[in-house]
Amino acid sequence: GWACWKTYLGLPESAWLRCAGLGTLGGALSESRRLEEALAALEATVALKQRHFSRDVRTVLVTQSDLANCLAQLERHEEALVLRREIYA
């Protein structure tokens, strides 16, 4: 996670590899049960993908789903539900 993020951190914000690295970090933190840190990384990844890669709807939806899962694991069920409804709308 961290190694992937550090590798691509120097790239422009709009670079796909930087965005993918941040998403990988979020996933790794989530798997490691470092959920608050994962939440921050996943929120940033969703924002980047919506800003720079919104045409790739599937990728944005998958990342939003990862974020909703993280919220649920943090017992923030209302926020997770709102996001899931957004995803499936």
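For the structure, see preceding data.
Described below are features of the structure shown in this document. For clarity, every value in this text was computed on a predicted model and none was experimentally measured. (Residues numbered from 1 in each chain as written. Predicted model: local features only at pLDDT ≥ 70, side-chain atom pairs only at ≥ 80, totals over all residues. Heavy atoms only, no water.)

1. Looking at the overall build of the protein
A tally of helices and strands in the protein yields five helices and zero strands. For the protein, the N- to C-terminal ordering of α and β elements is α-α-α-α-α. The C-alpha radius of gyration computed for the protein amounts to 13 Å, which stays within 12% of the reference 12 Å derived for 89 residues, consistent with globular compactness. Taking the principal axes of its C-alpha atoms as reference, the protein extends roughly 35 × 30 × 15 Å. Per-residue burial for the protein yields a buried fraction of 36% across its 89 residues. In the protein, the share of contacts with a sequence separation of at least 24, taken over all contacts with a separation of at least 6, comes to 40%. In the form shown here, the protein has an accessible surface area of approximately 5500 Å², with 54% of it arising from carbon and sulfur atoms. Of note, the protein has its 11 positive side-chain charges centred 6 Å away from the centre of its 11 negative side-chain charges. (Helix = DSSP H or I, 4+ residues; strand = E, 2+ residues; numbered from the N terminus. Rg over C-alpha atoms; globule rule 2.2 N^0.38 Å. Buried < 20%, exposed > 50% of the residue type's maximum accessible area, 1.4 Å probe, protein only. Contact = heavy atoms within 4.5 Å. Areas by Shrake-Rupley, 256 points an atom, 1.4 Å probe, with all protein chains shown as cover. Lys, Arg positive; Asp, Glu negative; His and termini not counted. Charge placed at Lys NZ, Arg CZ, Asp CG, Glu CD.)

2. Structural notes on helix H3 (residues 35-52)
Each full turn of the α-helix corresponds to 3.6 residues, which orients residues three or four apart in the same direction. Spanning 18 residues, H3 covers 25 Å between terminal C-alpha atoms, matching the ideal 26 Å at 1.5 Å per step. Of all the positions in H3, only Leu35, Ala38, Leu39, Ala41, Leu42, Thr45, Val46, Leu48 and Lys49 are classed as buried. Buried residues in H3 make contact with helix H2 (16-31) and helix H4 (57-73). (Expected span 1.5 Å × (residues − 1).)

3. Focus: the nonpolar core
By size, the foremost hydrophobic cluster in this structure holds 21 residues, and its most contacted members are Leu22, Leu25, Leu39, Leu67, Cys70, Leu71 and Leu83. Those elements giving two or more residues to this core turn out to be H2, H3, H4 and helix H5 (77-88). The element contributing the most residues to this core is H3, with seven residues. Excluding its chain neighbours within four sequence positions, the residues that come into contact with Leu71 are Leu39, Arg76, Glu79, Ala80 and Leu83. (Core = buried A, V, L, I, M, F, W, Y, C linked by side-chain atoms within 4.5 Å.)

4. A look at the side chain of Arg18
Among the structural elements, Arg18 can be located in helix H2. Here Arg18 occupies a buried position and makes no salt bridge, while the nearest side chain of opposite charge, Glu13, is found at 5.5 Å. Residues in contact with Arg18, not counting those within four places in the same chain, are Trp5, Tyr8, Leu9, Leu11, Pro12 and Glu13. (Salt bridge = Lys/Arg side-chain N within 4 Å of Asp/Glu carboxyl O.)

5. Here's the deal with the packing of H2 against H3
One can describe the packing of H2 onto H3 by two numbers: an axis separation of 8 Å at closest approach and a directional angle of 155 degrees. Classified by the angle their axes make, H2 and H3 are roughly antiparallel. Crossing angle aside, the handedness with which H2 passes H3 is left-handed. Contacts between H2 and H3 pair Trp16, Cys19, Leu22, Gly23, Gly26, Gly27, Leu29 and Ser30 from the former with Leu35, Glu37, Ala38, Ala41, Leu42, Ala44, Thr45, Leu48 and Lys49 from the latter. (Axes fitted to C-alpha atoms, helices over the stretch in contact; angles between N-to-C directions. Parallel < 35°, antiparallel > 145°, perpendicular 65-115°, else oblique. Left-handed = near helix turned anticlockwise from the far one by under 90°.)

6. Considering the pattern of salt bridges
Using the criterion set out here, one finds three salt bridges in the structure. Note that Arg51 and Glu13 form a salt bridge whose closest N and O atoms lie 3.1 Å from each other. Of this pair, Arg51 sits in helix H3 while Glu13 sits in the loop between helix H1 (2-8) and H2, and the two are 38 residues apart along the sequence. With a closest N to O distance of 2.7 Å, Glu37 and Arg34 form a salt bridge.

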